[in-house]
Amino acid sequence: MIRDMWTIFRREFATYFNSAIGYIFIVAFLGLNGVMFVLGFFQYPVAEMRMMFDILPAVLCVFVPAITMRLWAEDRSGNTLELLLTFPVKPVSIVLGKYFASLAFLILALAGTLTIPLMLGRLGDLDSGQIISSYVGAVLLGASFLAMGLFLSGLVKDQIVAFVLALTACIAVFLLSWGLVAAAIDDYIPGLGGNLQKVVGATGHYYVFTKGIIEVVGVVFFVVWTVVFLALNGMFMELRGRSSAKLTFALAVVLCLAIGMVFNALIADSSLGRFDMTEGRVHTVSEGTAKILSELKVPVQVKYYVTPSSEMPTELKSIERDVLDKLQEMRLVSGGKLEFKPIHMRAANVMAKDAPAEGAGDEGKSEEDSLEERMLDKGVQPFSIRARRQTGMISEMVYSCIGVAYKEKTEEIIPRITPMSLPELEYSLVSTIYRLTREKPASVAMVAPIEQIPRVVAMQYRRMGRRVPPPRDYYETVGRLLMQEKYQVQRVAFNKNEPLPPEYDALVVINPQELNERHRWEIARALAEGGKVFLAVQNYTWKYDLKRDGRNISLNSTRQDISPQINELLKEYGITVDENILMDNNSDGIRIARDARERMFGGGPSVKVPTHMVVKRESFNLDAPLTSRLGTLRYTWGTAIKLNEDDLKKHGLQTTTLISTSDQAWNIPPAKLLFEKDFQQPPTGLKAYPIAVRIRGQFPDVYKEKKRPDWPDEKQMPGRPPMPPRPDPPAGQLKPAEGELILVGCAQMYRGNSLDWGSWGLLLNSVDSLALSDDLVGVRSNKQIDRSISDAKISATARVLWSFVNCVLVGLVLIGVGVTRSIMRRGARARYAAGITTTT
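Please read these numbers as outputs of a predicted model, since none were measured by experiment.

Each value, and the rule that gives it
Residues numbered from 1 in each chain as written. Predicted model: local features only at pLDDT ≥ 70, side-chain atom pairs only at ≥ 80, totals over all residues. Heavy atoms only, no water. Pairing = 2+ DSSP bridges. Helix = DSSP H or I, 4+ residues; strand = E, 2+ residues; numbered from the N terminus. Axes fitted to C-alpha atoms, helices over the stretch in contact; angles between N-to-C directions. Buried < 20%, exposed > 50% of the residue type's maximum accessible area, 1.4 Å probe, protein only. Polar contact = N/O pair within 3.5 Å; in protein donor to acceptor, adjacent residues only side chain to side chain. Expected span 1.5 Å × (residues − 1).

Undergrad: Help me understand the sheet that holds strand E17 (residues 587-591), please; the structure alone is not making it clear to me.
TA: Either a parallel or an antiparallel arrangement is found when strands of a sheet pair, and the pairing is made through backbone hydrogen bonds. With respect to topology, three strands assemble into an open sheet ordered E17-E18-E19, the strand pairing being antiparallel. Lying at the two open borders of the sheet, with one neighbouring strand each, are E17 and strand E19 (633-636). Averaged over all pairs of adjacent strands, the angle between strand axes in this sheet comes to 55°, irrespective of strand direction. Relative to E19, strand E18 (residues 606-615) runs antiparallel, the two being bridged by four bridges. The residue of E19 that forms the bridge with Val615 is Leu633.

And the structure:
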């Protein structure tokens, strides 16, 4: 059987390349995928192939029917099928030989796209595991499409008809995977669309592979449908020409399709295991989670309050299975110290309370009906979800939240568990558990300036009879976001009337301005006594001005000093914030308004300024949990951190560089004005500069031989009575303990609208590490990495070269192989004909 199958395989596979059609198919496939990928990649360069694999199912819907349309239809139209079936070869060998020939042709076409991961590996940091998993998914999806196309090709004589039938079937399977299509079907027959999506929709399983997960359920799904269609194909060839074959075959088709649907329905909601192929295994429970859960003294109780899947909108039908799979995985790594159970709740029971049925009384209320009402006081509430229906978008009320209980403490509720929030579920759950195990909530003392309205401006408002605007708090968002993470944030003015609180878990100081001796004494005292401090310093900002000289536009910059005056303290430890102006070729363009109209509407020309630095993955310390999986960081007007290794070693302080600039950075001496020539990259002296560091150890008491400085007198606002003096408590005896300092040379990224996911991730990771545990940071870091590629790595030459390689080169090689093979075949035929003539 294997020998017969191999004979058919060689014949069919060679047929693809005996004419130009096989080469045309592959060149068209590679050209389409290459062009579509390259066009998007060079606009937003990211070292991943999701862009190609996301559109691949649609491409295969057309490409696979083109491969399979001739496999049987050509034999039937050429009347060679009967001759083939008369050979001493079993029909199953013929079917498998043709199938594996088409599968090899598809794999060869997919192999032609390997120039794309080659390019990504050269330009950026590629996750090879995710790429391998995506190709496995592509092969499995293509294999099932091929089996279906091969089966349909055997039913007709015309290749065009076979192509149209296979195209229609592939598109139907593709569309049934869409939630919109499934929801539209559910409008007509409730539940049908969701069930068809579960048992027939192939691309839903395929997209799991593109995430870097080889799921056994997905593999089984594709294998089942492949076997079903191959079995039907072999059965059709066996029954062909027999009496009553049509009725028998029709029954076989119905039975096989039913078996495939029932089998996939049975395994759809089960977890047969999976293999996380991603770098760092981001879809697997992290080591930090395992450590935190295994150290629990008593089991933690987790309840998942959720609407039954049969009543969920189509878009959320799989949410219960996904959440329970994650909880089951966490239960296993906890050694049984995490116990969970789902509790089904119906939003209609809560809505019925507001509109009771006429004549209904409390005695008619069942235990299940009252559950939703009782849970409202605990914070378990339904929420509105947007769902698409035939009539348009509607809102449905559903339950999907988690309650966490530990010992006698009040149950904590994690609200709104949706597909969008699933990647953060592990961190949300573990951080909630970790906080519940603490004796008291984690607290953060936060020091950040509040910009007062200038006195002259305030007086002008009063003269005009207008209300003076309140002070501008550009760092209010930081405090609010920390409170959302369940931290108790104490915002202090850091003066005599509002000093640092006596107890806190972490001190966050952002953009300190004109620190006096007492400020420095307080920070030094905190570090020497084992305090944990996050310090973000800004030495200066810049005001830009565009000058037009004829057709040329020049950029001038005026320095605005902030004067944090923190180096007087930091130099005692062996670190300082550099006074030089830091620049990096890896920078962002900004829009600079030239007049009031452009300032109002955010217009103006875009100018790339090297002081607007962009820090990408290759500049992060990938071995440090704080920065191993951070996203892009905008380091606007930041400065470098200078380390004196001798002083650090003398004090026994351990230093870890968390973030550096790219190796295309440089600095220039301090200046009040910068002109366009000052922004030019120098020919030499480029290197990477540390811009965020972590220092641990026993910090020296730098004020050991000095008297504690007094607080300076506070300036009084005109027209306001002076505040009563607050007594200064005694300093007390210093109690040495190992402290920790995270120093960042930029505070602008935390100001107002400048706060983004990269800067917030760095701050939150730092606070989690300082106030709670590095293990919790590891849990938060267990996510996909930002694999953006620096523009500095993609030169104009590289763009042209890689565009040629991915869009043209492989096609040219195939054309060359085709031409060479055609010449060789012609030569062989000519020699054969000459040999016959000579013999005659």
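Undergrad: What is the right way to look at the environment of Val457 in this model?
TA: Residue position: Val457 is located in helix H20 (residues 455-463). Judged by relative accessible area, Val457 falls into the partly exposed class, the value being 31%. For the pair formed by Val457 and Pro469, sequence separation is twelve residues and the distance between their alpha carbons is 9.7 Å.

Undergrad: Please explain the pairing of strand E7 (residues 400-405) as it appears in this structure.
TA: For a regular strand, side-chain orientation follows a simple rule: the groups alternate between the two sheet faces. Of all six residues in E7, five are buried, a share of seventy percent or more. Strand direction decides the pairing type here: strand E3 (residues 300-306) and E7, joined by six bridges, are antiparallel. Of the residues in E7, the one forming a bridge with Val306 is Ser400. As paired strands, E7 and strand E8 (residues 412-414) are joined by three bridges and run antiparallel to one another. Bridged to Ile402 within E8 is Ile414. Linkage of E7 to E8, two consecutive antiparallel strands, is achieved through a turn of six residues, within which Lys407 is found at a positive phi near 55°.

Undergrad: Honestly, the side chain of Arg787 in this entry has me stumped. Any pointers?
TA: With respect to the helices and strands, the residue Arg787 is situated in the loop between helix H27 (774-780) and helix H28 (796-839). In terms of polar contacts, Arg787 uses its side chain to reach the backbone carbonyl oxygen of Asp125, at 2.9 Å.

Undergrad: I'm lost on the pairing of strand E25 (residues 739-744) in this one. Help?
TA: Counting buried positions along E25 yields six of six residues, so the element is predominantly enclosed. Burial of E25 is two-sided: the residues Gly739, Leu741 and Leu743 facing one way and the residues Glu740, Ile742 and Val744 facing the other way are all buried. The pairing of strand E12 (residues 532-536) with E25 spans five bridges and is classified as parallel. Residue Phe534 lies in a different strand from E25, and its bridge partner there is Ile742. Summarising the sheet, strand E24 (residues 690-697) and E25 pair through six bridges and their orientation is antiparallel. Bridging across to E25, Ala692 finds its partner in Val744.

Undergrad: I keep staring at helix H6 (residues 91-111) and nothing clicks. Help me out?
TA: What sets the pattern is the α-helix's 3.6 residues per turn: residues three or four places apart point alike. The end-to-end C-alpha separation of H6 is 30 Å, in line with the 30 Å expected for 21 residues at 1.5 Å each. Of all 21 residues that make up H6, 15 are buried, and the element is covered over most of its length.

Undergrad: What should I look at first to understand unusual backbone geometry in this one?
TA: With the exception of glycine, most residues fall at negative phi, and the peptide bonds are largely trans. For Lys486, which is not glycine, the phi dihedral falls at a positive 70°. Structurally, Lys486 is set in the loop between helix H21 (476-484) and strand E10 (488-491). A residue is classified by how much of its surface remains accessible, and Lys486, at 42% relative accessible area, is partly exposed. Positive phi, normally seen in glycine, also occurs at Glu514, with a value near 50°. One can find Glu514 in the loop between strand E11 (506-510) and helix H22 (517-528). Given the relative accessible area of 56%, Glu514 is considered exposed.

The values are spatial; any link to function lies outside them.
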